[in-house]
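Spelled out, the chains give:
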Amino acid sequence: MTTSQLLGNLSETLVSDAQVLSRSEKEFVTNLLQQMKNHSAATTGDLAGDITHALSEALAQRICTVLGKSLAENFLQQLATPQKERVTRTILFSPPGPTPRDPQPPPPVPPPTTPPGITMSAQSEITDLLPANCAVLEEFLVPQELDSVIRFALEHEADFTTSEVIAPGGGTGMVDFEHRRSRVLMDLGDLRNIIVRRLQSCWPQLLRRLGYVPFRITNIEAQITASNDGDYFRSHSDNGHEETVKREITFVYFFHREPKNFTGGELRVYDSRIENGVYVKAEHFRSISPRQNQLVVFPSSLTHEITRVECSSRAFADSRFTVNGWFRR
């Protein structure tokens, strides 16, 4: 059977049966078959070539009718994408499998040296103003874990020591009640594993909320801080010295005994601007009141402070407690 005979039989069958095609479909198929007949009469191509040509012509006419001339021209121009681009797109959206090897990238450029207090972080390049970007997670620990943290802190009251700050110019820590008043426990024992495992489980979520791309963590520091009546921590950043420059992200986990017997102790995270090579606080800040079982994370370069705590009983067990620490890069 010749191409013309095949097309004629197909045309009569499709166009005459109302159960096979709708009215609009009949019009399109009739147009398509007519284009195929014309092309077959004018060329010696095979049936596949006839169909391809006819389908292109019929589609072009239908597009012009439905979309209008200007839209159709734009659409048809997109169809004329160079063959090289179409091949690239096919590779991008093809099922998983072997793909052409990419050219080898150029050697990595060594990162620039930055002063303490400013990190070329996984978050962004150095900017004049770093916004007070925080991520907050409620109900960070399950109830049994929360009970364990509270019990551990109360049982180790005698092991808490006076909090220190790093002396100007770096070096060892020193007590400075004009800048910081609180008590701290550095050895968390097995409790550290509970906190670290939970932090690692939500690490991708925290990165997304802060706008970071994934980066390698070399260490997670953690300590418990107890703040009682009159305690505070003046504005500071957590990576402003040579000893702390690799701190990338700060975390603060709030917990306390119920009922809550203190007020104040808000965490204020400031927009931070560069001054003399380090970030210092700008005017705007975000204030976070301590909530039971709540985790807050933010870039360690941001300036932040703890407002004065009011605790009328002055009992250690009624303190504002945090597990606070840092992800080091």
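Since the structure is predicted, the reported quantities are computational estimates derived from the model, not experimental observations.

Caption draft 1: Main features of the pattern of salt bridges. Tallied over the full model, the rule gives 12 salt bridges. Between arginine 181 and aspartate 231 there is a salt bridge whose closest N-O contact spans 3.8 Å. Of the two residues, arginine 181 sits in strand E6 (residues 180–181) while aspartate 231 sits in the loop between strand E8 (219–227) and strand E9 (232–236), which places them 50 residues apart along the sequence. You can call aspartate 231 buried: its relative accessible area is 9%. Measuring nitrogen to oxygen at the nearest pair gives 3.2 Å for the salt bridge that ties glutamate 221 to arginine 247. In this pair, glutamate 221 sits in strand E8 while arginine 247 sits in strand E10 (residues 247–255), placing the two residues 26 residues apart along the sequence. Comparing glutamate 221 with arginine 247, the two get one shared label, buried. A cluster of three or more residues bridged by salt bridges with shared partners is formed by Glu221, Arg247 and Arg328.

Caption draft 2: Inspection of the sheet that holds E10 at higher detail. Strands sit in the order E2-E14-E10-E17-E8-E7-E3 across an open sheet of 7 strands; the sheet is antiparallel. Every other strand in the sheet has two partners, leaving strand E2 (135–137) and strand E3 (161–162) as the edge strands with one partner each. Judged from the 3 bridges that link them, strand E7 (residues 183–185) and E8 form a sheet pairing that is antiparallel. In the strand pairing of E8, valine 184 is matched with threonine 225. Sheet strands touched by helix H6 (residues 143–155): E7, E8, E10 and strand E17 (320–328). Its angle to E10, the strand with the most contacts, is close to 90°.

Cut-offs used in this document
- Residues numbered from 1 in each chain as written.
- Predicted model: local features only at pLDDT ≥ 70, side-chain atom pairs only at ≥ 80, totals over all residues.
- Heavy atoms only, no water.
- Salt bridge = Lys/Arg side-chain N within 4 Å of Asp/Glu carboxyl O.
- Helix = DSSP H or I, 4+ residues; strand = E, 2+ residues; numbered from the N terminus.
- Buried < 20%, exposed > 50% of the residue type's maximum accessible area, 1.4 Å probe, protein only.
- Pairing = 2+ DSSP bridges.
- Contact = heavy atoms within 4.5 Å.
- Axes fitted to C-alpha atoms, helices over the stretch in contact; angles between N-to-C directions.

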